[in-house]
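Given next are the chains, with one letter for each unit.
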Amino acid sequence: MKISINACAKADLGKMDKSLQIRFFKHFRKLLNMPPRRHMQHGVPFFVEDVTKQARLVYNIENDTLYVIRCFAIHKEYEKWFGSFR
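Small disclaimer: the values here were computed from a predicted structure and weren't measured. (Residues numbered from 1 in each chain as written. Predicted model: local features only at pLDDT ≥ 70, side-chain atom pairs only at ≥ 80, totals over all residues. Heavy atoms only, no water.)

Engineer: Before we go on, may I ask you to explain the pattern of salt bridges in this structure?
Structural biologist: If charged atoms from side chains of opposite charge come close, those side chains can pair. In the structure shown here, the tally under the stated rule is 2 salt bridges. Salt-bridge contacts for Arg-70 lead to Asp-12; the nearest nitrogen and oxygen are separated by 2.7 Å. Here Arg-70, found in strand S5 (residues 65-72), pairs with Asp-12, found in helix H1 (residues 7-15); they are 58 residues apart in sequence, far enough to count as distant. For the pair Arg-70 and Asp-12, one class covers both residues: buried. Here Arg-56 makes a salt bridge to Asp-50, at a shortest N to O gap of 3.1 Å. Here Arg-56 falls in the buried class, since its relative accessible area comes to 9%. (Salt bridge = Lys/Arg side-chain N within 4 Å of Asp/Glu carboxyl O. Helix = DSSP H or I, 4+ residues; strand = E, 2+ residues; numbered from the N terminus. Buried < 20%, exposed > 50% of the residue type's maximum accessible area, 1.4 Å probe, protein only.)

The structure is reproduced here in structure tokens:
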């Protein structure tokens, strides 16, 4: 399986400190070995994973590729982004 990181996700990761970036990259590898768990609501075609108590990872899996859509360090940023789909 391959990992494809979206430009928005790269920008999000670039703003984070190194320790949080490492946690996200560990989650990328973890997701390669397990099926998606929590699908987003309101017709949003992505999955979400909790990286820490506050941090969220939004992704999709298609054709043996993990597409990283967004990475949020703060839950409030995730809520604001998710609210744009309602």
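Next comes the rest of the write-up.
Engineer: It is not clear to me how the sheet that holds strand S4 (residues 56-62) should be interpreted in this structure. Could you clarify?
Structural biologist: Strand pairs in the sheet, formed through backbone hydrogen bonds, run parallel or antiparallel to each other. An order of S1-S5-S4-S3-S2 is seen for the 5 strands of this open sheet, with the pairing classed as mixed. Looking at which strands have only one partner, the edges of the open sheet turn out to be strand S1 (2-5) and strand S2 (38-39). Where S2 lies against strand S3 (residues 47-50), 2 bridges are found, and the strand directions are antiparallel. Its bridge partner lying in S3, Arg-38 is registered against Val-48. (Pairing = 2+ DSSP bridges.)

Engineer: Can you help me understand H1 in this one?
Structural biologist: For H1, the set of buried residues is Ala-9, Asp-12 and Leu-13. Down the axis of H1, the buried set is contained in an arc of 95°. They therefore lie on one face. Residues of H1 that are exposed and point over 90 degrees away from its buried face: Ala-7, Lys-10, Gly-14 and Lys-15. Where the residues of H1 are buried, they touch S1, helix H2 (18-33) and S5. (Arc of directions from axis to C-beta. Contact = heavy atoms within 4.5 Å.)

Engineer: Got a minute to help me understand the environment of Lys-53 in this structure?
Structural biologist: Along the polypeptide, Lys-53 turns up in the loop between S3 and S4. Counting along the chain gives 20 residues from Lys-53 to Ala-73, while the straight-line C-alpha distance between them is 9.6 Å.

Engineer: How should I be thinking about the confidence of the model for the protein in this particular structure?
Structural biologist: Predicted coordinates in regions of low pLDDT should not be interpreted in detail. Mean pLDDT over the protein works out to 89, with 98% of the residues at or above the 70 mark. Across the protein, element-level confidence peaks in H1 with a mean pLDDT of 94 and bottoms out in S2 with 75. (pLDDT = per-residue confidence, 0-100.)

Engineer: Is there a simple way to explain the nonpolar core in this structure?
Structural biologist: If you look at soluble globular proteins, the nonpolar side chains tend to sit buried side by side. The biggest cluster of nonpolar side chains holds 15 residues, and the ones touching the most others in it are Phe-24, Phe-28, Leu-57, Val-68 and Cys-71. Residue assignment for this core shows that the elements contributing at least two residues are H1, H2, S4 and S5. If sequence neighbours within four positions are ignored, Phe-24 has contacts with Leu-13, Met-16, Val-51, Ala-55, Arg-56, Leu-57, Cys-71 and Phe-72. Of all hydrophobic cores here, the second largest spans 10 residues; its members include Phe-46, Ile-69, Trp-81 and Phe-82. (Core = buried A, V, L, I, M, F, W, Y, C linked by side-chain atoms within 4.5 Å.)

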